[in-house]
There are 2 protein chains.
Amino acid sequence: MNPNSIGKDYLDHISIDCVIFGFHNKSLRVLLLKWKTINRWALPGGFIKKNEHADAAAQRVLSERTELSNIFLRQFHTFSDPDRNKADGNLDISLLPVRFSKEAIDWIKGRFVTIGYFALVDFNKVKPVPDLFSEECRWWELEQLPVLLYDHHHIVDAALIALRDALQYQPMGKYVMPKKFTLPELQKLYEVILGKKIDRRNFRKKILGLNIIHPLGETRKGGAHRSPDLYSFN
Amino acid sequence: MNPNSIGKDYLDHISIDCVIFGFHNKSLRVLLLKWKTINRWALPGGFIKKNEHADAAAQRVLSERTELSNIFLRQFHTFSDPDRNKADGNLDISLLPVRFSKEAIDWIKGRFVTIGYFALVDFNKVKPVPDLFSEECRWWELEQLPVLLYDHHHIVDAALIALRDALQYQPMGKYVMPKKFTLPELQKLYEVILGKKIDRRNFRKKILGLNIIHPLGETRKGGAHRSPDLYSFN
């Protein structure tokens, strides 16, 4: 990103924000960047090039900001409150360590409608790396998020609702489960994301009814109890 | 809308498109406007004012274009293909009967990312009225749509998928069903929107499991068969 041609290279008034949920070993986290100088945590985000699809912009932004790539991002909502950047007081963009021209600062300070994307990944498999604008990039426990830039807390809340909806009828688990897993292991993923206990028999009936997983005809050996059946995503 | 200040009054590069599904008596339709002079059917759409929420813009656009108001619109997807307006050849905006300045025409010919909204209404209860730009506004059978402007056919397809998803877990039917209805009547709505037959017992089990309707403890009298139970949305 060239700080001085930003208003020429990108579409005015439209941005991208990515809510990257990470799951590993019973814990659900969100990937955040800490902006230099202004002392604010924010979602990985950016702008759309003049001739770029928003989906491509989201992939590019995510890999530029975090070195994550090839992640299945889903667009979930576009946020258009005209005051969405005022929820955070008078943030002074000019304090950012990268030197912007006056035109670029005016452009950034304008109103932005932001297109939200989310993904679910295994946070143990990715090594987030901060970009030029940020001093830190790391996973935060969903229940213990810091103060976030602008309306980013609202965007995270909406993304969690979208993730929970998707979990009800799409094979979201395949991005974070091992290739072979037991039903209790998959149930744990659902319980953590949905934030509640699920009845074991109801879960079994519902998940098998969705036709997104199949039994492998194998069992896991070695435990103290009866060897549980292994499943895989279709 | 003032044709000459359009580029000053509205956000650049962002538009709104509304897919209004109408249901009545076993038929599913879509509301379309026929643009004057250029001979193209299009979705009701428009732009976002500089200080307006996209949701408010969608309500305003819909009522300006069609005289429909107080409709529960749901945002479902934002369409950002940089070539989305080229799918329709070289449409000449300057042929529109309203006189635009050269600046306004350049503005309209720019790239637009469009935020899609959908609604489900009883088409028998609304009287669509065309606006200044259009010579006709009417319902079209979903299976027999005419050639549409830009990528509007793709937007309708995506809205239908969103409507079908919403139907699986939300009380979409309450906008088109009478206050009291029988389960076979509600099943017909689902069959028409989903485009397939549903097993009667599966439907009964599923819809009652959703907790979106309740039995009224009344039956409908007067038929030749056993009086069916009446239900209402919660």
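Above this note sits the structure.
Residues numbered from 1 in each chain as written. Chains lettered and ligands numbered in written order. Predicted model: local features only at pLDDT ≥ 70, side-chain atom pairs only at ≥ 80, totals over all residues. Heavy atoms only, no water.

Student: Break down the relation of the copies chain B and chain A for me, citing the residues and quoting the values.
Tutor: The transformation that overlays chain B on chain A combines an axial shift of 0.0 Å with a rotation of 180 degrees, and the residual RMSD is 0.0 Å. Both copies are brought into coincidence by an operation consistent with a two-fold rotation axis. When the interface residues of chain B are mapped onto chain A, 100% of them are again interface residues, pointing to one common binding face. (Least-squares fit on C-alpha atoms with pLDDT ≥ 70 in both. Contact = heavy atoms within 4.5 Å.)

Student: Please give an account of the pattern of salt bridges that cites residues and values.
Tutor: Tallied over the full model, the rule gives 22 salt bridges over all chains. Lys180 of chain A is the salt-bridge partner of Glu218 of chain A, the closest N and O atoms lying 3.0 Å from each other. Of this pair, Glu218 of chain A sits in strand β8 (residues 213-219) while Lys180 of chain A is found in the loop between α4 (152-169) and α5 (183-194), placing the two residues 38 residues apart along the sequence. With a relative accessible area of 32%, Glu218 of chain A lands in the partly exposed category. For Lys180 of chain A, a relative accessible area of 38% translates into the label partly exposed. Two residues, Lys188 of chain B and Glu191 of chain B, come together in a salt bridge whose shortest N-O distance is 4.0 Å. One end of the pair, Lys188 of chain B, and the other, Glu191 of chain B, are both in helix α5 (residues 183-194), 3 residues apart, so they sit about a helical turn from each other. (Salt bridge = Lys/Arg side-chain N within 4 Å of Asp/Glu carboxyl O. Helix = DSSP H or I, 4+ residues; strand = E, 2+ residues; numbered from the N terminus. Buried < 20%, exposed > 50% of the residue type's maximum accessible area, 1.4 Å probe, protein only.)

Student: Break down unusual backbone geometry for me, citing the residues and quoting the values.
Tutor: Within the chain, Asn39 of chain A stands out as a residue other than glycine whose phi angle is a positive 60 degrees. The topology assignment puts Asn39 of chain A in the loop between β2 (27-35) and β3 (40-42). Of note in the backbone geometry, Asn25 of chain B takes a positive phi value of approximately 50 degrees without being a glycine. Structurally, Asn25 of chain B can be placed in the loop between β1 (10-24) and β2 (27-35).

Student: Give me the environment of Gly45 of chain A: which residues, what numbers.
Tutor: Residue and element names in this part refer to chain A. Tracing the backbone shows Gly45 in strand β4 (residues 45-49). You can call Gly45 buried: its relative accessible area is 17%. Look past the residues within four positions of Gly45 in its chain and what remains in contact with it is Ile16, Asp17, Val61 and Arg65.

Student: Could you give me a rundown of the packing of α5 of chain B against helix α6 (residues 200-209) of chain B, with the residues and numbers involved?
Tutor: Residues and elements named next belong to chain B. Running from N to C, α5 and α6 cross one another at 95 degrees; their axes reach a closest spacing of 11 Å. Considering the angle they form, α5 stands roughly perpendicular to α6. Contacts between α5 and α6 pair Leu183, Leu186, Gln187 and Tyr190 from the former with Arg200, Phe203, Arg204 and Ile207 from the latter. When the residues that make up the contact of α5 with α6 are grouped by side-chain class, the tally is 5 nonpolar, 1 polar and 2 charged. (Axes fitted to C-alpha atoms, helices over the stretch in contact; angles between N-to-C directions. Parallel < 35°, antiparallel > 145°, perpendicular 65-115°, else oblique. Nonpolar A, V, L, I, M, F, W, Y, C, P; charged D, E, K, R; others polar.)

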